Amino acid sequence: MNDKQVIERVLDGDSSAFEILILKYQSQIFYTALNIVKNKEYAEDICQDAFLKAYEKLDTLQDREHFYSWLKRIAVNLSLNHYERDKRMVDVEDEEDDVNYFERITTGECPEDFIIKDELRKYVRFFVDALPERLRTVVILREVEDLSYEEISDMLHIPLGTVRSRLFNARQIVKERLIKQGLTDEVIMEAK
């Protein structure tokens, strides 16, 4: 059953069918929220709220074939609202830190390369988190959530040119801060 068929069942009175959509998209929505609020408990709450809001407003969804995009937009908006209300978020441990060191070595990277890339990732994450919220949000939606410029524009209700401008400015700020930390352009390019 595709999303549109599930939605039709829910709107026809089979409220238990909504669980199909929850099971299908729960982890993606959780990680979307987590990338914005940086706190597992808050992300869980936001995920739950996003599904509840989607269920309550399901009859207003015009394009039922794009349920996931609509749901993701709800989750992003809830996350941004929460982030704005509470700037004291606790950083979540980097998932990549759990990867076994020996697995990294077998990828062909020498230990020095791995250390440089790992340190660079930590600096990038730190500097992205320190960006003003309007820049940080666009970077997360583009680089972490892998949304297109058009999707970001639509989701945040800002012009496409503003999305491009904010991404450019955010990248420049992060790059300048990396260079101030002694990471040259060559190291930054090699680590990508």
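Above this text you will find the structure in question.
The present account deals with the structure reproduced in this document. (Residues numbered from 1 in each chain as written. Predicted model: local features only at pLDDT ≥ 70, side-chain atom pairs only at ≥ 80, totals over all residues. Heavy atoms only, no water.)

### What about helix H1 (residues 3–11)?
Then, number 1: Residues of H1 that are buried: Asp3, Val6, Ile7 and Val10. For H1, the arc enclosing every buried residue in end-on projection is 100°, short of the 170-degree limit, so these residues lie on one face.
Then, number 2: In this structure Asn2 caps H1, since a side-chain oxygen of it lies 3.1 Å from the backbone nitrogen of Lys4.
Then, number 3: Of the residues trailing H1, Gly13 is marked for its positive phi of about 110°. (Buried < 20%, exposed > 50% of the residue type's maximum accessible area, 1.4 Å probe, protein only. Helix = DSSP H or I, 4+ residues; strand = E, 2+ residues; numbered from the N terminus. Arc of directions from axis to C-beta. Polar contact = N/O pair within 3.5 Å; in protein donor to acceptor, adjacent residues only side chain to side chain.)

### Structural notes on helix H9 (residues 160–180)
Quick reminder: α-helices carry 3.6 residues per turn. Residues three or four places apart thus point the same way.
Then, number 1: For H9, built from 21 residues, the straight-helix expectation of 30 Å at 1.5 Å per residue is met to within 8% by its first-to-last C-alpha distance of 30 Å.
Then, number 2: Listed as buried for H9 are Val163, Arg166, Leu167, Ala170, Val174 and Leu178. Each buried residue of H9 lies within a common arc of 100° when the element is viewed along its axis, so the set occupies one face. Opposite the buried face of H9, at more than 90 degrees from it, the exposed residues are Phe168 and Lys180.
Then, number 3: Looking one or two places after H9, you find Gly182, whose phi comes out positive at around 95°. (Expected span 1.5 Å × (residues − 1).)

### Digging into the environment of Tyr25
Then, number 1: One can find Tyr25 in helix H2 (residues 18–37).
Then, number 2: Distance in space between the C-alpha atoms of Tyr25 and Cys47 is 9.8 Å, their sequence separation being 22 residues.
Then, number 3: Setting aside residues up to four positions removed in sequence, Tyr25 forms contacts with Asp3, Phe51, Phe67, Tyr68 and Leu71. (Contact = heavy atoms within 4.5 Å.)

### Comments concerning the nonpolar core
Then, number 1: Counting 47 residues, the largest nonpolar core has Phe18, Ile29, Phe67 and Leu71 as the members making the most contacts within it.
Then, number 2: Breaking this core down by element, the ones donating at least two residues are H1, H2, helix H3 (40–56), helix H4 (67–85), helix H6 (111–129), helix H7 (133–144), helix H8 (149–156) and H9.
Then, number 3: Counting residues per element, this core draws most heavily on H2, which supplies nine residues. (Core = buried A, V, L, I, M, F, W, Y, C linked by side-chain atoms within 4.5 Å.)

### A word on the pattern of salt bridges
Then, number 1: Summed over all chains, the structure comprises seven salt bridges.
Then, number 2: Here Arg73 makes a salt bridge to Asp154, at a shortest N to O gap of 2.2 Å. Here Asp154 lies in helix H8 and Arg73 lies in helix H4, a separation of 81 residues in the sequence.
Then, number 3: Across the pair Glu143 and Arg171 runs a salt bridge whose closest N-O atoms are separated by 2.3 Å. You can see Glu143 sitting in helix H7 and its partner Arg171 sitting in helix H9, a full 28 residues away along the chain.
Then, number 4: Judged by relative accessible area, Glu143 falls into the partly exposed class, the value being 47%.
Then, number 5: Taking the relative accessible area as the measure of exposure, Arg171 reaches 39% and is therefore partly exposed. (Salt bridge = Lys/Arg side-chain N within 4 Å of Asp/Glu carboxyl O.)

### A few points about the packing of H8 against H9
Then, number 1: Contact pair H8 / H9: the axes reach a minimum separation of 8 Å and the direction vectors enclose 105°. Judged by the inter-axis angle, H8 sits roughly perpendicular to H9. Across the interface between the two elements, Tyr149, Glu150, Ile152 and Ser153 from H8 touch Leu160, Val163, Arg164, Leu167 and Arg171 from H9.
Then, number 2: Tallied by class, the residues present in the contact of H8 with H9 amount to five nonpolar, one polar and three charged. (Axes fitted to C-alpha atoms, helices over the stretch in contact; angles between N-to-C directions. Parallel < 35°, antiparallel > 145°, perpendicular 65-115°, else oblique. Nonpolar A, V, L, I, M, F, W, Y, C, P; charged D, E, K, R; others polar.)

### As for the packing of aromatic side chains
Then, number 1: A complete count under the given rule lists eight aromatic pairs for this structure.
Then, number 2: When the centroid spacing of 6.3 Å and the interplanar angle of 90° are considered together, the rings of Phe18 and Phe67 count as edge-to-face. In this pair, Phe18 sits in helix H2 while Phe67 sits in helix H4, placing the two residues 49 residues apart along the sequence.
Then, number 3: Since its relative accessible area comes to 4%, Phe18 is described here as buried.
Then, number 4: Counting every residue linked through ring pairs, the aromatic cluster contains Phe18, Tyr25, Phe51, Tyr55, Phe67, Tyr68 and Trp70. (Phe/Tyr/Trp six-rings, centres within 6.5 Å; stacked < 30°, edge-to-face > 60°.)

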